[in-house]
Amino acid sequence: MAASAEMALVKPISKFCSRTLEFGSPRTRAIPFSYSKFTAIKMSATSSQSPPKPSKNANKASIKETLLTPRFYTTDFDEMETLFNTEINKNLNQAEFEALLQEFKTDYNQTHFVRNKEFKEAADKMQGALREIFVEFLERSCTAEFSGFLLYKELGRRLKKTNPVVAEIFSLMSRDEARHAGFLNKGLSDFNLALDLGFLTKARKYTFFKPKFIFYATYLSEKIGYWRYITIYRHLKANPEFQCYPIFKYFENWCQDENRHGDFFSALLKAQPQFLNDWKAKLWSRFFCLSVYVTMYLNDCQRTAFYEGIGLNTKEFDMHVIIETNRTTARIFPAVPDVENPEFKRKLDRMVEINEKLIAVGETNDLPLVKNLKRIPLAAALVSEILAAYLMPPIESGSVDFAEFEPQLVY
Amino acid sequence: MLGTVSLVMGSSSAAVATSTHFPALKSLPTSRIGHHNHFPTLSFPFVLPSTSIFTSSFLSSPLSSLSSPFNTAIAAVNSDSADKQESNKYYFLVANAKFMLDEEEHFKELLFERLRNFSERNKEQNFWLVIEPKFLDKFPNITKRLRRPAVALVSTDSTWITFMKLRLDRVLAESYEANSIEEALASTPTNLEFEKPENWVAPYSKYEYGWWEAFLPPATKAEAKV
């Protein structure tokens, strides 16, 4: 979600500001989830670094905040209310919202998230490094879903008066997020852990994003989440020998929720054409796409153990997800980066190299000041690489309901 | 570092300004959820069909009220959409077959999800895929912009078609009336062939050719087998 944009660029860099173990613990990645929604939600339960305690009372993972700890998101609710006030904004395409509402009410996954005994058995079989990877994966994913729940829930509450349809959709999306978070937290119980979500809610800092940025970033997070899930699902279906924990079997239906959530943000953007139809919108669109893609690539490359653990080649997996997400996003954003240009991947790979050097600096025994001085040229190199990627010729895109190229289109 | 990076990203300086971290707004659900510090291992309520998402022990007040309405709402929605539409009116989205059946793999997932949902709830199927539909002859403005062979998604549920238009985007939408379902879904027999993608980089293979047969109108299915 909004996180992505911001954290995106933060992550590789500020890594060094946090303790390596915390943030950089080189495994997992909050798989789909951290991108799927409130991206970059980072968390590290201390217990993931130590052997899980069997005692039920001692099993709450305590959470350490680092510079990059998971954040929850909040926005300008008054502005949101104005944007979706049907009396002020007559252009709102209520038909699309009503259609979405029907889809969400149908509740396709109402009976999907039912566990079986395979979970506990699989968890018990997992030991050592793999176990740690999975615990971190579950924690981060759960937090990410939960933060989605909080934001959507609040939006559902706040928009009730001005636009009951939009409000109800938000509430139903928070239902999905709660369900996903609950399922993941159940997964943690297989490892004798649990996230204290009540504590999280109180203890987390909330990051503020203006509605427009919430739309871009959340759209991308939901769609990239869909592509990550479905890719993992289809890969594991074809290669069941890597199916080491049954949660992946639920991804096919699960990610349809993500995809629908993305559709809703698509409809929200279409209802606010000012966020889609000028040069600023194009610059922002490219900025958010790039932020999300770069973040994911750098992050995942730091956690190749997870992907390799489930039989994927991290970089190939990421490029596939980036390309597909970009194609999807081109149905709504007015401009997207040209990620299929081979130069784009070359740039990403150079960013990974620089990022690795940056991490290496952080791991030396130098004085903090020396470390910081060593980081300067590397950070500058990373920034210039990102900037160069941003300035690559983009692809003009957009929904056919708006796009200038529509009349030439052959369907 | 964030500032630096964001600043060089074109016009993003506004983002820097707006992304400053504020503490949680008071009105956020903190207070509502905050008092549940007792989260046991299974803290988050688990979803079972009967209990629905939120057990009251988890989220008090507004949320718990969500649970039952969801279940009942389903029935209401379904009957609504069936009632409000005249049975002889059909809504469709159309595009070339390559787009509909070969490229948009999420489309296949959505259709199967819906089919599963209809069977779980004993609803009669009201959506079909029609290859080279005969009804297109009535729409010269569509056919002149359409690559062939074309495939249409047809349904009696206009609300759902609106959603599918939002999802697929690159499709043309219209509606028509027909006296019988056979007439509505009549198609011209066509052989579909899709070239293999030049550069298939996904870590899985494409959905199998022919996945759409489950959605062809009953008569066409029989023909297809011959």
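Residues numbered from 1 in each chain as written. Chains lettered and ligands numbered in written order. Predicted model: local features only at pLDDT ≥ 70, side-chain atom pairs only at ≥ 80, totals over all residues. Heavy atoms only, no water.

Chain B appears in an unreviewed UniProt entry as Ycf54-like protein from Cucumis sativus.

Naming follows an unreviewed UniProt entry, where chain A appears as magnesium-protoporphyrin IX monomethyl ester (oxidative) cyclase of Cucumis sativus. Database annotation for chain A, UniProt heading Sequence similarities (unreviewed entry): "Belongs to the AcsF family." One UniProt comment on chain A, placed under Pathway (unreviewed entry), says "Porphyrin-containing compound metabolism; chlorophyll biosynthesis." (UniProt positions renumbered as here; feature names shortened; annotations may be inferred.)

Attention now goes to the overall build of chain A. Counting secondary structure elements, chain A contains 16 helices and six strands. Buried residues in chain A amount to 68% of all 411 residues. Counting contacts in chain A only where the partners sit at least 6 residues apart, residues at least 24 apart contribute 84% of the total. Surface summary for chain A: the accessible area is close to 13000 Å², and the carbon and sulfur share equals 55%. (Helix = DSSP H or I, 4+ residues; strand = E, 2+ residues; numbered from the N terminus. Buried < 20%, exposed > 50% of the residue type's maximum accessible area, 1.4 Å probe, protein only. Contact = heavy atoms within 4.5 Å. Areas by Shrake-Rupley, 256 points an atom, 1.4 Å probe, with all protein chains shown as cover.)

This next bit is on the domain arrangement of chain A. Often the size quoted for an interface is simply the accessible area lost on bringing the parts together. All names here are of chain A. According to the domain assignment, chain A consists of domain 1 (67-275) and domain 2 (281-400). On a C-alpha basis, the centres of domain 1 and domain 2 stand 23 Å from each other. Counting residues at the interface gives 26 residues for domain 1, matched by 29 residues for domain 2. Of the roughly 2500 Å² buried at the junction of domain 1 and domain 2 (both faces included), carbon and sulfur atoms supply 76%. Of all residues in domain 1, Leu220, Trp227 and Arg228 give up the largest surface area on contact with domain 2, accounting jointly for 26% of the area buried on that side. Here domain 1 and domain 2 share one salt bridge between them. Joining domain 1 to domain 2, the criterion identifies five residue pairs in polar contact (both at pLDDT 80 or more). Contributing elements (two or more residues each) for the side of domain 1 that touches domain 2: helix 7 (128-158), helix 10 (211-238) and helix 11 (251-270). The residue inventory of the side of domain 1 that touches domain 2, partitioned by class, reads 17 nonpolar, three polar and six charged. (Domains from an automatic or database assignment. Buried area = accessible area lost by both parts, 1.4 Å probe. Salt bridge = Lys/Arg side-chain N within 4 Å of Asp/Glu carboxyl O. Polar contact = N/O pair within 3.5 Å; in protein donor to acceptor, adjacent residues only side chain to side chain. Nonpolar A, V, L, I, M, F, W, Y, C, P; charged D, E, K, R; others polar.)

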